[in-house]
Amino acid sequence: MRKKIVAGNWKMNQTPQEAKALCNLLKDKVNTTEVDVVFCVPFVDLYPVLEALQGTNIAVGAENMHFAESGAYTGEISGAMLKEMGVQYVILGHSERREYFGETNESVNQKTKKALEYGLIPIVCCGETLAQREANITIEWVRMQIKCALAGIDAEDAKKIVIAYEPIWAIGTGKTATSAQAQEVCAAIRQVLTEMYGQAVAEQMRIQYGGSVNAKNAAELFAMADIDGGLVGGASLKEEFADIVQYK
Ligand code: PGA
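Residues numbered from 1 in each chain as written. Predicted model: local features only at pLDDT ≥ 70, side-chain atom pairs only at ≥ 80, totals over all residues. Heavy atoms only, no water.

**Some thoughts on the confidence of the model for the protein**
Close inspection of predicted coordinates is inappropriate for parts of the model with low pLDDT. Taken as a whole, the protein shows an average pLDDT of 97; of its residues, 100% reach a score of 70 or greater. No element of the protein has a lower mean pLDDT than helix α6 (residues 130–134), which averages 96, and none a higher one than strand β4 (residues 89–92), which averages 99. (pLDDT = per-residue confidence, 0-100. Helix = DSSP H or I, 4+ residues; strand = E, 2+ residues; numbered from the N terminus.)

Rendered as structure tokens:
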């Protein structure tokens, strides 16, 4: 049985003071061992959030990192920096980073490898645009994104990776994919993982759905056979996040 994983993606929200307040609002309500709970937060919030969540089961993640060890990359953050702080997860290849910051399949692959090297758990994002869905190329597109993101990564490492399927048309729009649509793509992702790593490994890997997950739709989405939790944007900034974690 795969353990569900519910991660909040705060995006560019919450000053350090606000971050502390949000942790204090949520931490008792989402401190569980039944589900893996992760708060993925802006870099400047990592310290206050790590401190505020000390002694809980809640893990902390970053929203991006660079693929190089260190060096002349002004404004960037390395895996070593995150690891030393006590960060456990890192979101990679979010569609907003692909769209606004030039993230490519190749850079996502490099970052995923580097994160694994540092013992960080990558949450690797994929997903189609509305135009791609309407052109009926969703599955091919997502299969390609997964193959590229995980190229050159062996089965032992692949097992640790979390995949987040996020249809771009469903992000921040209030338009959730139906549970059947989400399941169809998550099953196709598990299929490509099976082709790459074999069934035993693919069955262990966790695949989240993301895109307007809320307290009302979480239970139905998370009940689908290949959906192992959610990556939650807007609703992770509110008390509602606790209802998503306690979706059952
Ligand atoms: P949303 O964002 O829940 O606000 O749609 C999800 C995400 O982008 O990870």
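The discussion continues.
**What about the side chain of D228?**
Inspection of the secondary structure puts D228 in the loop between α11 (218–222) and β8 (229–232). Given the relative accessible area of 3%, D228 is considered buried. A polar atom in the side chain of D228 sits 2.9 Å from the side chain of R190. In this structure D228 touches R2, K3, K4, I5, R190, M205, R206 and I207, once residues within four positions along its chain are discounted. (Buried < 20%, exposed > 50% of the residue type's maximum accessible area, 1.4 Å probe, protein only. Polar contact = N/O pair within 3.5 Å; in protein donor to acceptor, adjacent residues only side chain to side chain. Contact = heavy atoms within 4.5 Å.)

**A look at the site of the ligand**
Around the ligand lies a shell of 13 residues, among which K11, H94, E166, G172 and S212 are the nearest. The backbone of S212 places a nitrogen or oxygen atom 2.7 Å from an oxygen atom of the ligand. A distance of 2.8 Å separates an oxygen atom of the ligand from a polar backbone atom of G233. Against a free-state accessible area of 280 Å², the protein chains account for coverage of 95% of the ligand. (Near = heavy atom within 4 Å. Areas by Shrake-Rupley, 256 points an atom, 1.4 Å probe, with all protein chains shown as cover.)

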